[in-house]
Amino acid sequence: MAARDSSSKPLLDSGVLSRLSRMPLQAGAPMLGPVTGMHRSATRGASVEFAEYRKYVPGDDIKHIDWQVYARSDRFYIKEFEADTNLRAYLVLDCSGSMAFDSGHGPRFDYARTLAAHLAYMLVKQGDAVGLHLCGEDTDTDLPARQAPSHLQNIFHELEAVRPRGESTLIPALHALAERVQRRAQILVLSDALMPADELLDAVQHLCFCRHEVTFFQLIDPQELQFDFTRPIRFVDLEGGADLVADPSVVHASYLQALDQHMTTLRSGLRKYHVDHRLAPVDEHFEQLLTAFLLGHAGRAVKGRGGARR
Amino acid sequence: MTALSPLFLWLLPLALLPVIIHLLNRLRYRTVKWAAMMFLRTADRDASRRAKIRQWLILAARCLMLLVFLLALARLQSRGGLARFLNRDSERIVVLFDRSPGMEQTRGGVSSRERALLLVQQGLREGRGSPQVLWIDSATGERTVLPAGTDLESLPQTRPAQAPANVEDLLRRALEEIAREDDAGAEIWIATDRRAASWIPEGGLSTDWQDWADLRARVTLRLLDVGQIDPDPGNRSLQLLGDPRREGDSLLVDLRLNRDRSDPESVPLQIETGGLSLREDILVEGRSFQWTQVLPIDPNREVHHALLALPADSNPMDNTVAVAFAPRAVRVARMDLNDSATQRAVRAGLLPRSGERELTDRRTPLSSAVHLLVREAGTPSGEAETAWMEQGGVALSLPQAANASAGFGDEGLGVAEWNEATGLLGADRAREPLRMDLLRIFQAVPPEEREGIEVLARLEDGTPLLTREAVGDGAHYRLATLPLPGWSSLDAGFVWVPILQRLLREGGSTDFSQGTHTLGTWTMRADEEWLPLDAEDADPRLHVGRYEHRGRVVALNRSTHHDAAAQIHPDELREWAAPFDVNVFEDRSADARGREARVELTSLLALLGLIFLAVESYLLTLNIRRAPAVRSPLRRGGAA
């Protein structure tokens, strides 16, 4: 399944996909889905995995009565099993102008696009439904979550065609997504988070309130973190704002302070809402990010099975 | 304030160079497309006020540094209070006062001497503390300690004189005085019009001020400069050219009249001669007019003298010429030699001529009538000989012929070092050098070298060939070889004859028998008697005129070398006085009164510049407190 981006670099890396094929992307929270899938379901159903006991009530299927428990306790108890279902995931890609930033490690948007493509592929391959929402001034692409392979092609096509520009519309998009997606889903947000932290956290909170599982991939460039300029620079806003002439030696300390404050706010806020916050430096290969993400989710899924509550 | 080098004031706008460079750098910034503008705007808005102030302080420090540097180059001078503030206390002030004829030149009705006197008075009045004031004037060279409150104008040492000034000599006397008294801090004030002739003698400087460098830390030189020599119009000066000569019943005197105009005019010349007072109108053309004045004389007399004077003008000190004519005195050389060959060589070198040069022997007693003594080395100088030298006699010691040594071979040695410009071995009046380079020395008995003996020439092997020892007003020369075949090639005459003639002339230089002499070229001894024939109070050290001395009439004139109006620039003065620093008090006011002392601010400005440099360096290295790094480490691909 070939997918290429506009720079003629393929969207998908077969080597990465091959290495990550044994690591499924598992939902951390129980999902609600119409189809039997690999993810935990919020409901109890037919499965090979025991979940818990409950008292027999008239009408229960007696084949689920645990006779050994009856022998011991002279009481009737029904075995409950985990119900596996498929995952519905939505990829939300920030297509604002700031995503086009490139300090020499390649445009940040290409990184996001590649990451999104691999996530979509893995999800579809494991039978999950994937939707795509592109947030940008000029774009409002909203592909519903589907699990058909042909749908994957639609996703790749949209990823290749979109260009980052203009101001960010991520926050209203997240709010709208929270309202539109009725059933619990996994929301994978890919953005540079260069927007007011409070407003972004509000949107994330909205999603979490609607019981969606949110993973926030924050794509960041090392130069934005270091701000290692020496001479006065004319900074041109990628999102079309006013230019600014600044002397780095004068603003360096204050810039880092403002950046640190933003990161701290964002980090603590996302942690509060139990959002999986992934920092993605664009100077590193996305495979590391994906591997850590998949492993992290596998761990959370195991924990969830061990103590899941209805 | 004034500036001695005002040209640099035009460069003051360069002090804005750091600001211009700063602005140009801002214009040349590169453009970067940036995503995290929200942080940048916050940072720019909240950019540490301290950091911005620091940037402006650095710029200001750089601008001020350039400004004071340019002001220092312009040699800014302050006046009044600041000058007084910068004048440091001194134990002693030595005033070197120029009272040479040129200082009588008036400008605005006030002579340079009067201006200098006012400058000294002002400086003494405005100075701090109560230093001892030592006065050394240019005419007599005598040192006089002035009590506090002395009225300088009434001091004889401040009155005009016609003797030339020699600042080099005066400064050396002042330094000797300070060194002898071991003053902790002293100032030397040189009150002069910067006439170049006073600073640079005809024969050039002979003192190396580096020899006095150890006094530099405690001696301050201050030049009380009376400004440009811009005389009042109408000044004339009269110069005597050469010696007068007799032709029959007339005395011919070559004269030159210099003036500041070129149109023809009739100038009255007053002549006092033979008891007569005459006047002759000279029709003068051009700025410099030469003519031969014919003076009537009594043919029955041998000695004739006259005083010629122009009318008084803006400088009355250069209007008079004294003339005296007498039969040329015979120069006498005495030989105290045993070797006949050497005697013949001396005779051949002196070329005795009746009426001009005579050669005698031991039978003539050493007196003022003997001018040169040629003697054998190794024989001790008796008391009479020493006393004779001290009176001005010149002795030449030659090795004894019997003391021949092994020699330097057939080729002999050449002469390696000698002063080609001045002195006994220097070029003659026609600037023809003495051909010492052609001499070959085959045998030599080198004279001793010790302190007080000057080596005038050395052989190729470094041994002295000719030495000179000053003895009072006279000198003792010692030659290492003889003008004989086998000893040297001196007998060829091209060096031997000039040496002997010059020695004879030197020995006779203190004998005022030739008629006319120049003030300031000799030192009058306390026991000498001089009877002025013109003004009763005339002083042979100070005044042009006719005097009776040792039964002869002597005419004393001022040095025409010092009539030249060329001035030495203050920058040349600094080079002249190095390693000493020269502070210039300059008087530029038209009115000599009400003048203020000024002092150069170069040192202060340099200090300010260093302070600004230190401030700029400190601000550049100031450790600006930086915001803490982003606290959470960047976990690669992991959760934040």
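Residues numbered from 1 in each chain as written. Chains lettered and ligands numbered in written order. Predicted model: local features only at pLDDT ≥ 70, side-chain atom pairs only at ≥ 80, totals over all residues. Heavy atoms only, no water.

Participant: What am I meant to see in the overall build of chain A here?
Facilitator: Summing up its helical and strand segments, chain A has nine helices and eleven strands in all. Out of the 310 residues in chain A, the part that is buried amounts to 55%. If you take every contact in chain A between residues at least 6 apart in sequence, the share linking residues at least 24 apart comes to 75%. (Helix = DSSP H or I, 4+ residues; strand = E, 2+ residues; numbered from the N terminus. Buried < 20%, exposed > 50% of the residue type's maximum accessible area, 1.4 Å probe, protein only. Contact = heavy atoms within 4.5 Å.)

Participant: Just checking my understanding: could you explain the environment of B:Val323 for this structure?
Facilitator: All names here are of chain B. Take Val323: it is sitting in strand 18 (residues 320–325). What makes Val323 buried here is its relative accessible area of 0%. Sequence separation between Val323 and Asp243 is 80 residues; the distance between their C-alpha atoms is 8.1 Å. Residues within four places of Val323 in sequence aside, it is in contact with Leu240, Pro244, Leu251, Val253, His304, His305, Ala306, Leu308, Thr516, Arg546 and Ala555.

Participant: Help me understand the state of the cysteines in this model?
Facilitator: Formally, a disulfide is one covalent bond, and it connects the sulfur atom of one cysteine to the sulfur atom of another. Residues and elements named next belong to chain A. Inspection of every chain in the model, using the stated rule, returns zero disulfides over all chains. With no disulfide of its own, Cys135 lies closest to Cys95 among cysteine sulfurs, the gap being 6.6 Å. With no disulfide of its own, Cys210 lies 9.2 Å from the sulfur of Cys208, the closest cysteine sulfur. Look at Cys210 and you get partly exposed, because its relative accessible area is 23%. (Disulfide = S-S within 2.5 Å.)

Participant: How should I be thinking about the interface of chain A and chain B in this particular structure?
Facilitator: A common way to report how large an interface is uses the accessible area buried once the components associate. Counting residues at the interface gives 54 residues for chain A, matched by 40 residues for chain B. Across the chain A/chain B interface, buried area totals approximately 4,200 Å², and carbon plus sulfur atoms make up 67% of it. With its nearest N and O atoms 3.6 Å apart, the salt bridge here joins A:Asp237 to B:Arg41. The interface formed by chain A and chain B contains six residue pairs in polar contact (both at pLDDT 80 or more). Mapped by element, the contributors of at least two residues to the side of chain A that touches chain B are helix 7 (222–226), strand 9 (233–237), strand 10 (244–246), helix 8 (248–272), strand 11 (276–281) and helix 9 (286–307) of chain A. Among the elements that line the side of chain A that touches chain B, the one with the most residues is helix 8 of chain A, at 17 residues. The class makeup of the residues in the side of chain A that touches chain B is 30 nonpolar, eleven polar and 13 charged. Examined bridge by bridge, strand 9 of chain A and strand 2 (residues 30–34) of chain B share five bridges and lie parallel to one another. (Buried area = accessible area lost by both parts, 1.4 Å probe. Salt bridge = Lys/Arg side-chain N within 4 Å of Asp/Glu carboxyl O. Polar contact = N/O pair within 3.5 Å; in protein donor to acceptor, adjacent residues only side chain to side chain. Nonpolar A, V, L, I, M, F, W, Y, C, P; charged D, E, K, R; others polar. Pairing = 2+ DSSP bridges.)

Participant: Before we go on, may I ask you to explain the packing of aromatic side chains in this structure?
Facilitator: Two numbers describe a pair of aromatic rings. These are the distance of the centres and the angle of the planes. All chains considered together, the criterion is met by 20 aromatic pairs over all chains. Ring centres of A:Phe217 and A:Phe293 lie 5.0 Å apart, and the angle between their planes is 70 degrees; this geometry places the pair in the edge-to-face category. Of this pair, A:Phe217 sits in strand 8 (residues 213–220) while A:Phe293 sits in helix 9, placing them 76 residues apart in sequence. Each of the two residues, A:Phe217 as well as A:Phe293, counts as buried. Relative to A:Phe235, the ring of A:Phe229 lies with its centre 5.5 Å away and its plane at 75 degrees, an arrangement referred to as edge-to-face. Across the pair, A:Phe235 and A:Phe229 agree in class, each one buried. Taken together, the aromatic side chains of A:Phe101, A:Phe227, A:Phe229, A:Phe235, A:Tyr255, B:Trp34 and B:Phe39 make up a single cluster linked through ring pairs. (Phe/Tyr/Trp six-rings, centres within 6.5 Å; stacked < 30°, edge-to-face > 60°.)

Participant: Help me understand helix 3 (residues 108–125) of chain A, please; the structure alone is not making it clear to me.
Facilitator: Residues separated by three or four positions in an α-helix point in the same direction, a consequence of the helix having 3.6 residues per turn. The terminal C-alpha atoms of helix 3 of chain A, which comprises 18 residues, lie 26 Å apart, in line with the 26 Å expected from a rise of 1.5 Å per residue. Of all 18 residues making up helix 3 of chain A, 17 are buried, and the element is well covered by its neighbours. (Expected span 1.5 Å × (residues − 1).)

Participant: How should the packing of helix 8 of chain A against helix 2 (residues 37–46) of chain B be read in this particular structure?
Facilitator: Packed helix pairs are characterised by how far apart their axes lie and by the angle those axes make with each other. The N-to-C vectors of helix 8 of chain A and helix 2 of chain B enclose an angle of 130 degrees; their axes lie 8 Å apart at closest approach. Taken together, helix 8 of chain A and helix 2 of chain B sit at an angle that is classed as oblique. Crossing of helix 8 of chain A over helix 2 of chain B shows right-handed handedness. Mapping the contact onto sequence places A:Val251, A:Ser254, A:Tyr255, A:Ala258, A:Leu259 and A:His262 in helix 8 of chain A and B:Met38, B:Phe39, B:Leu40, B:Thr42, B:Ala43, B:Asp44 and B:Asp46 in helix 2 of chain B. In the contact of helix 8 of chain A with helix 2 of chain B, the residues fall into eight nonpolar, three polar and two charged. (Axes fitted to C-alpha atoms, helices over the stretch in contact; angles between N-to-C directions. Parallel < 35°, antiparallel > 145°, perpendicular 65-115°, else oblique. Left-handed = near helix turned anticlockwise from the far one by under 90°.)

Participant: Looking at this structure, I do not really get empty space enclosed by the protein. What am I missing?
Facilitator: Residues and elements named next belong to chain B. Across all of its chains, the model carries two cavities of 30 Å³ or more by this definition. Taken as a whole, the second largest cavity holds about 40 Å³ of empty space. What lines the second largest cavity is Leu425, Met436, Leu439, Leu465, Leu466, Leu479, Leu490 and Ile499. A class-by-class count of the residues in the lining of the second largest cavity yields eight nonpolar, no polar and no charged. (1 Å grid on protein atoms, 1.4 Å probe; cavity = no way out; pocket = protein on both sides within 12 Å on 5 of 7 lines; lining within 4 Å. Points joined across faces, edges and corners; volume = space filled by probe spheres on them.)

Participant: Would you explain the pattern of salt bridges in this entry?
Facilitator: Side-chain pairs of opposite charge can arise where the charged atoms are in close proximity. Residues and elements named next belong to chain B. On inspection of all chains with the given rule, the structure shows 40 salt bridges over all chains. Between Glu385 and Arg375 there is a salt bridge, with its nearest N and O atoms 2.7 Å apart. Of the two residues, Glu385 is situated in helix 9 (residues 383–390) and Arg375 in strand 21 (residues 372–376); the sequence distance between them amounts to ten residues. On the basis of relative accessibility, which here comes to 11%, the residue Glu385 falls in the buried class. For Arg375, a relative accessible area of 3% corresponds to the buried category. Ionic pairing is found between Glu506 and Arg468, a salt bridge with its closest N-O pair at 3.1 Å. Taken together, the positions of Glu506 in helix 10 (residues 496–507) and Arg468 in strand 25 (residues 464–471) put the pair 38 residues apart, joining distant regions of the chain. A relative accessible area of 24% means that Glu506 is categorised as partly exposed. Arg468 gets classed as partly exposed once you look at its relative accessible area, which sits at 23%. Counted as one network, the salt bridges with shared partners bring together Arg92, Arg143, Glu177, Arg180 and Glu181.

Participant: Can you help me understand the nonpolar core in this one?
Facilitator: In a soluble, globular protein the nonpolar side chains are often hidden away together inside. Within the largest apolar cluster, 43 residues are counted, with the highest numbers of intra-cluster contacts made by A:Leu91, A:Leu115, A:Leu159, A:Leu190, A:Phe217 and A:Leu219. The element contributing the most residues to this core is helix 3 of chain A, with twelve residues. Residues within four places of A:Leu91 in sequence aside, it is in contact with A:Ala116, A:Leu119, A:Ala120, A:Val130, A:Gly131, A:Leu132, A:His133, A:Leu188 and A:Leu190. B:Leu396, B:Leu456, B:Leu482 and B:Leu500 belong to the second-largest nonpolar core, a separate cluster that totals 41 residues. (Core = buried A, V, L, I, M, F, W, Y, C linked by side-chain atoms within 4.5 Å.)

Participant: Honestly, the confidence of the model for chain A in this entry has me stumped. Any pointers?
Facilitator: Residue and element names in this part refer to chain A. Of the residues in chain A, 81% have a pLDDT of 70 or more, and the chain-wide mean is 82. With pLDDT under 50 throughout, residues 1–6 is counted as low confidence; its partners more than four residues away or in other chains account for 21 contacts. With pLDDT under 50 throughout, residues 305–310 is counted as low confidence; its partners more than four residues away or in other chains account for six contacts. (pLDDT = per-residue confidence, 0-100.)

Participant: What exactly am I supposed to notice about a nonpolar patch on the surface here?
Facilitator: A cluster of nonpolar side chains, B:Leu11, B:Leu14, B:Leu16, B:Leu17, B:Ile20, B:Ile21, B:Leu24 and B:Leu27, forms an exposed patch at the surface whose accessible area comes to about 710 Å². One can find B:Ile21 in helix 1 (residues 17–27). (Patch = residues over 30% accessible without salt bridge, like charges linked within 9 Å, V, L, I, M, F, W, Y side chains within 5 Å. Areas by Shrake-Rupley, 256 points an atom, 1.4 Å probe, with all protein chains shown as cover.)

Participant: Can you help me understand the environment of A:Tyr121 in this one?
Facilitator: Residue and element names in this part refer to chain A. Along the chain, Tyr121 falls in helix 3. Note on Tyr121: relative accessible area 19%, which makes it buried. Counting along the chain gives 109 residues from Tyr121 to Leu12, while the straight-line C-alpha distance between them is 8.4 Å.

Participant: Please clarify how the sheet that holds strand 11 of chain A should be interpreted in this entry.
Facilitator: Backbone hydrogen bonds hold the strands of a sheet together, and the pairing may be parallel or antiparallel. All names here are of chain A. Here six strands make up an open sheet; going across it, the order is 6-5-4-7-8-11 and the pairing mixed. Each edge of the open sheet carries a strand with a single partner, namely strand 6 (142–146) and strand 11. Between one strand axis and the next, the sheet turns through 15 degrees on average, direction left out of account. Here strand 8 runs beside strand 11; their pairing, made up of six bridges, is parallel. Counted as the bridge partner of Gln218 is Leu279 from strand 11. On the sheet, helix 5 (residues 170–180) packs against strand 4 (88–94), strand 5 (129–135), strand 6 and strand 7 (186–191) and is oriented at approximately 165 degrees with respect to strand 4.

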